[in-house]
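Descriptive analysis of the structure
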Amino acid sequence: MVRFLAALALLLVLAPAARAASTPVTPPPPEHRADPSLTTYVQRSGPFKLGPYATLKTSAKVQPPEVAGAIVGMDARLVDADGKELPQYVAMLHHLVFTNGGPDGERRDPMCPKKTTRERFFGTSEELRALTLPPGYGYPTTPADRWNAPIMVMHHRGGFQEFFLEYRVTIDPRPVTPVTPYWLSVIPCSPDPQWSVPGRGSKEHRRSRMYAMPTAGRIVAVGGHLHGGANDLILSQPACKHRTLVTNTPFYAPASDKLYAVKPLLHEPDPKAISWWQSPTGYAFRKGEDLKVTAVYDNLRPHTRVMGISHVYVAPPLPGAPDVRCSAAPPDAQQLGAQFEGPRTTPPTVGLTLARVGKDGLARSTTTAAGTAREIEGESATVTVRDFRFSSTNLVVGRGAVVRWRFPDDEQHDVTLADGPVGFASPWLRDGGGYGKRFTEPGRYLLMCSLHSAYMSQVVTVRSTPPRPPRPDGDPRPR
Ligand SMILES: [Cu+2]
């Protein structure tokens, strides 16, 4: 009897209580490149509902698997109720970041001085790249950790679509060398870390940011995130003759991919994959040393709302190692490439238009303005963005005039170029926020709200002549 009770007690300690009954477990999928004897926890969040042509921006409830150990592989995707993956041309996983506040919810990203951002340890996007780490390394996890996952999904169709966020986490319960994740974004510490490439004809557009590392360490894995139009993401070490440590290469889908047949196409598709770098030896850096992240974009055409984020996984310095300066390139580095057939490394030319939803509920491409032209004679014009509408849908201004947009609603909107002479976009704005833009290049600017692109559009036509001076008699009528 005693033996039976002891066995029962052991069973209670070891078995199902150790994880939620609803969490299926599998061997690691090949994408995780993990020891096949390990266990992968397949978890879901949702359901979420997408409206017609909607952009869903929310925070998904996610939780760590009910075991302590270290995460050695992780990925995420959108699935339907049967677990079938939703293709990107239907519902696009545009952004997803897993954050970890630790057991007390207080853990923060050390690179964000205002401490507003929790530790980001895994991100995926249209690239759908899995987190992998060299053998023997892992990101420590406990069931007590408090996770969260800001997610942004774009629906490319009319009607409604339900989906679940499925995330797979491979855990090694054995002791491993712990890694710390660093999110080195060209635009730091923002929920929307975007800028726009003007596309004024010079071949390349580069934007960089430097980060002083708070501790010494070794870079053992580097992933990244880029948007459409990107050529490269570069992690470099300024103190070592500015050498490049890692280049993450974007891989674009073949032209035949249904992603490029989405009608109307309302944003430039991101790369379908991005390379991943990992090395058990790693690159050493010193406490306080700068690392630099640089995003390289095509500048022949405008690319709006782009990003450049390096996901850097750092292990402690090797035990007993001296304070290494400019350590040699690790001989055991691996660069993992595209996980699909026929990748393209040159960003494809993508033509974007505006869209309008018809009485049948279907959106159609258009390059024309909805209303009659409003001619502005003076130096500036104001547009109010309210009730899912631009107050002027068809605005004509002189060259050099300033257009100011006001966003009084409590719903977030923005103004983003779809097509035109110069790329620009405002941040997401609401509650009285404003944004201004001086138009120095003549031409037609097709503009939309990127969050409601099928429903909110505007055309600004910039004349080749400057604004006319006001009439001396004060008569406001157009001449
Ligand atoms: Cu992005």
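Residues numbered from 1 in each chain as written. Predicted model: local features only at pLDDT ≥ 70, side-chain atom pairs only at ≥ 80, totals over all residues. Heavy atoms only, no water.

Under an unreviewed UniProt entry, the name given to the protein is Blue (type 1) copper domain-containing protein, and the source organism is Solirubrobacter phytolaccae.

**Focus on the overall build of the protein**
Broken down by element type, the protein carries 1 helix and 35 strands. On the principal axes, the C-alpha backbone points of the protein span a range of 100 × 55 × 45 Å. When the 479 residues of the protein are sorted by exposure, 52% land in the buried category. Counting contacts in the protein only where the partners sit at least 6 residues apart, residues at least 24 apart contribute 75% of the total. With an accessible surface of roughly 21,500 Å², the protein has 55% of that area assigned to carbon and sulfur atoms. In the protein, 56 side chains carry a positive charge and 43 a negative one; their mean positions are 3 Å apart. (Helix = DSSP H or I, 4+ residues; strand = E, 2+ residues; numbered from the N terminus. Buried < 20%, exposed > 50% of the residue type's maximum accessible area, 1.4 Å probe, protein only. Contact = heavy atoms within 4.5 Å. Areas by Shrake-Rupley, 256 points an atom, 1.4 Å probe, with all protein chains shown as cover. Lys, Arg positive; Asp, Glu negative; His and termini not counted. Charge placed at Lys NZ, Arg CZ, Asp CG, Glu CD.)

**Quick look at the pairing of strand S12 (residues 180–185)**
Successive side chains on a regular strand alternate, one facing one side of the sheet and the next facing the other. Counting buried positions along S12 gives 5 out of 6 residues, so the element sits mostly inside the fold. Note: S12 against strand S23 (residues 308–315), 6 bridges, orientation antiparallel. Bridge pairing in S23 links Pro 181 to Tyr 313. (Pairing = 2+ DSSP bridges.)

**Comments concerning the state of the cysteines**
Applying the stated criterion across every chain yields a total of 2 disulfides. Linked covalently through their sulfurs, Cys 240 and Cys 326 form a disulfide whose S-S length is 2.0 Å. The sign of the -95° torsion about the S-S bond sets the Cys 240-Cys 326 disulfide as left-handed. Of this pair, Cys 240 sits in the loop between strand S16 (230–237) and strand S17 (243–248) while Cys 326 sits in the loop between S23 and strand S24 (334–336); the two residues are 86 residues apart in sequence, bridging distant segments of the chain. With relative accessibility at 7%, the residue Cys 240 sits in the buried group. (Disulfide = S-S within 2.5 Å.)

**Considerations on the coordination of the copper ion**
Looking at the metal site, the copper ion is ligated by His 95 (NE2), His 225 (NE2), His 227 (NE2) and Met 307 (SD), spaced 1.8 to 2.5 Å from it. The coordination sphere of the copper ion comprises 4 donor atoms, whose angles at the metal cover 99 to 119°; the geometry is tetrahedral. Spacing between the donor residues of the copper ion along the chain follows H-x129-H-x1-H-x79-M. Linking His 227 in the loop between strand S15 (217–226) and S16 with Met 307 in the loop between strand S22 (303–306) and S23, this pair joins segments that are 80 residues apart in sequence. Taken individually, His 227 and Met 307 each receive the classification buried, so the pair is uniform in this respect. (Donors = N, O, S within 2.8 Å, 3.2 Å for Na, K, Ca; no water. Tetrahedral: all angles 85-135°; square planar, octahedral: opposite > 155°, others 65-115°.)

**A closer look at the nonpolar core**
Judged by nonpolar contacts, the single largest core of 41 residues is most densely connected at Met 74, Phe 98 and Leu 165. Both of domain 1 (22–176) and domain 2 (179–350) provide at least three residues apiece to this core. Once residues lying within four places of it in the same chain are set aside, the contact partners of Phe 98 are Val 62, Met 74, Ala 76, Glu 119, Arg 120, Phe 121, Phe 122, Trp 147, Asn 148, Ala 149, Leu 165 and Tyr 167. Judged by nonpolar contacts, the second largest core, of 40 residues, contains Val 222, Ala 230, Leu 265 and Val 459. (Core = buried A, V, L, I, M, F, W, Y, C linked by side-chain atoms within 4.5 Å. Domains from an automatic or database assignment.)

**Topic: the domain arrangement of the protein**
Here the protein is partitioned into domain 1 (22–176), domain 2 (179–350) and domain 3 (354–462). A separation of 32 Å is found between the C-alpha centroids of domain 2 and domain 3. At the interface, 13 residues of domain 2 touch 21 residues of domain 3. Between domain 2 and domain 3, a total of about 1,200 Å² is buried, with carbon and sulfur atoms accounting for 57% of that surface. When the buried surface of domain 2 facing domain 3 is broken down by residue, Pro 264, Leu 266 and Arg 305 rank first, second and third, together holding 44% of it. Linking domain 2 to domain 3 there are 2 salt bridges. Note that Arg 305 is salt-bridged to Asp 414, the shortest N-O span being 3.5 Å. Linking domain 2 to domain 3 there are 6 residue pairs in polar contact (both at pLDDT 80 or more). Of all the elements in the fold, those that place two or more residues in the side of domain 2 that touches domain 3 are strand S13 (195–197) and S22. (Buried area = accessible area lost by both parts, 1.4 Å probe. Salt bridge = Lys/Arg side-chain N within 4 Å of Asp/Glu carboxyl O. Polar contact = N/O pair within 3.5 Å; in protein donor to acceptor, adjacent residues only side chain to side chain.)

**Some points on the packing of aromatic side chains**
Counted according to the given criterion, the structure contains 16 aromatic pairs. With centroids separated by 5.3 Å and ring planes inclined at 55°, the aromatic side chains of Phe 98 and Tyr 167 adopt a geometry described as tilted. Separated by 69 residues along the polypeptide, Phe 98 in strand S5 (residues 91–100) and Tyr 167 in strand S10 (residues 161–172) bring together distant segments of the chain. Comparing Phe 98 with Tyr 167, the two get one shared label, buried. Taken together through their ring pairs, the aromatic side chains of Phe 98, Phe 121, Phe 122, Tyr 139, Trp 147 and Tyr 167 make up a single cluster. (Phe/Tyr/Trp six-rings, centres within 6.5 Å; stacked < 30°, edge-to-face > 60°.)

**Looking at the sheet that holds strand S29 (residues 389–390)**
Within a sheet, neighbouring strands are paired by backbone hydrogen bonds and run either parallel or antiparallel to one another. The sheet built from 4 strands is open, its strands ordered S29-S28-S31-S33 with mixed pairing. If you trace the sheet from one side to the other, it starts and ends with S29 and strand S33 (433–438), each paired once. Sheet analysis places strand S31 (residues 402–407) next to S33, joined by 6 bridges and oriented antiparallel. Of the residues in S33, the one forming a bridge with Val 403 is Lys 437.

**Remarks on the sheet that holds S5**
On the basis of which strands lie adjacent, the open sheet formed by 4 strands has the order S3-S9-S5-S6 and antiparallel pairing. In this open sheet, the two edge strands, each paired with only one partner strand, are strand S3 (55–60) and strand S6 (119–125). Between one strand axis and the next, the sheet turns by 10° as a mean value, whatever way the strands run. Sheet topology note: the S3/strand S9 (residues 147–155) ladder contains 6 bridges and is antiparallel. Counterpart to Lys 57 in the pairing with S9 is Met 152. (Axes fitted to C-alpha atoms, helices over the stretch in contact; angles between N-to-C directions.)

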